[in-house]
Amino acid sequence: MSERLAKQGLRVPYYRGPMPRILEEASLREHASGRAMISALVVRKQTNRPQPSSGFYRLARRTPFMRKGDNQEIWQTELRQLRAENALPQSLPGERSVTLDGLGAWMVKCNPDKWDLTTFLASGEEVITNWSVMPNYRARMMADGQRVLFWVTGRDGTHPEPGLWGVGTVLGPVWQENLIGEDPGYWIDEGQRQRTRHFAPVDIHLFERPIPRQALKDDPRLAGMEVFRQPQMGNPLFVSNDELSVLDALVPPQPQKITVSSSGAGFGNPVTNGLVEAAAMGTVRAHYEALGWQVQDDSKYCYGWDITCRSPSGTVDRVEVKGVSGSAPKILLTRNEFRSAREDQGWRLAVVTKALVAPELQFFDAEAAVLAAEPMVFEVNLRQSPPA
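Bear in mind that the values here come from a model prediction, so they are computed numbers and not experimental data.

A. Region of the structure containing the packing of aromatic side chains. Taken as a whole and judged by the stated rule, the model has 12 aromatic pairs. Geometrically, the ring pair formed by Phe-56 and Tyr-57 is edge-to-face, given 5.1 Å between the ring centres and 75° between the ring planes. You'll find Phe-56 and Tyr-57 in the same group, each marked buried. Geometrically, the ring pair formed by Tyr-288 and Phe-363 is edge-to-face, given 5.8 Å between the ring centres and 85° between the ring planes.

Written as structure tokens, this is what we have:
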């Protein structure tokens, strides 16, 4: 067996049994292609309930997978992702198949530990214009005009309070987008952001105050909702016509309009991006001016930095300014900015997180920025290379 697998390119050792290495190699290959850990499908036979071996959970928590949560959560998440990626309509245990005949609305969930809803709300945002979904048969059923609900998960007593936070409308079919290299926006979990590929266009208006989860769960008419029966299920979830009728009587009146310009889930529009950039520049300028430095805006010259700052003693800082709407100091450097960091004396990087809410300024010297930089895209010039 090991010899046959080796011919296929799998490096399988002959000692200690080949299976652990087979599963690790297979999951690494799937991860490199942006897919879930296929080794989650391999379980041990037990008297009560099949489970992966302890080695699966150790692997899942290691680099590069870095899965978080308890064992059951990690395993169920991988199973759902695998089913979605392979376009299998069969239900997982306990999951009911759905049809449009019984559909009242779709429900999409937000985990505030992975997406910074608190900062999103504090920045004055009120509308969700797209949200991530699993690429499964349910997502393919989403269409223009269908109702959609916005649900926030979390532990009782946490903020934002778990429960129903908004209602709206689906605006069209799900599309695929690669977020690698984009501004992380309000994403907190970088691994989840990079695994996210599919988005549903929506127009969801958020409530000033949510309808608490416990209040809905205590209603016997809603106790069977899928979000309660299958809390770990990926987006979108199913809400029946009867359940939607109950919910509609509880939600506050909503505006009868479609929002055509607002930031979405994971990346901003040009207007928002411009506001973030302007806020960041203002924060950095105010910092230097408070120290008595002269500040000159050189961003239009494409030097490799944005502002030139001179102290009363003659020290010169060439500062590249980056603004981030969320709380993670993750930014992109252009080729020219990276060159300037390596070559120009006095180059500094200023990163302003939560730029539109409560700006937090951090400085990094050129060496730190260069060492932390990782190539995301490679330019390949094939003009001089003959085709194979």
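B. Structural detail: helix α10 (residues 241-248). The complete set of buried residues in α10 reads Glu-243, Leu-244, Val-246 and Leu-247. Buried positions in α10, seen along its axis, are confined to an arc of 160° and lie on one side of it. Residues of α10 that are buried make contact with β1 (103-110), β3 (147-152), β4 (163-170), α8 (213-217) and β7 (237-240).

C. Local environment of the side chain of Arg-138. Structurally, Arg-138 can be placed in helix α6 (residues 137-141). A residue is classified by how much of its surface remains accessible, and Arg-138, at 1% relative accessible area, is buried. Of the polar contacts made by the side chain of Arg-138, one reaches the side chain of Glu-226; its length is 2.7 Å. Only 3.4 Å separates the side chain of Arg-138 from the backbone oxygen of Pro-236, close enough to count as a polar contact.

D. Looking closely at the pairing of β1. With eight of eight residues buried, β1 is to be regarded as a mostly interior element. Inspection of the sheet shows β1 paired to β3 by five bridges, in the parallel sense. Within β3, the position partnered with Lys-109 by the bridge is Trp-151.

Calculation criteria
Residues numbered from 1 in each chain as written. Predicted model: local features only at pLDDT ≥ 70, side-chain atom pairs only at ≥ 80, totals over all residues. Heavy atoms only, no water. Phe/Tyr/Trp six-rings, centres within 6.5 Å; stacked < 30°, edge-to-face > 60°. Buried < 20%, exposed > 50% of the residue type's maximum accessible area, 1.4 Å probe, protein only. Helix = DSSP H or I, 4+ residues; strand = E, 2+ residues; numbered from the N terminus. Arc of directions from axis to C-beta. Contact = heavy atoms within 4.5 Å. Polar contact = N/O pair within 3.5 Å; in protein donor to acceptor, adjacent residues only side chain to side chain. Pairing = 2+ DSSP bridges.

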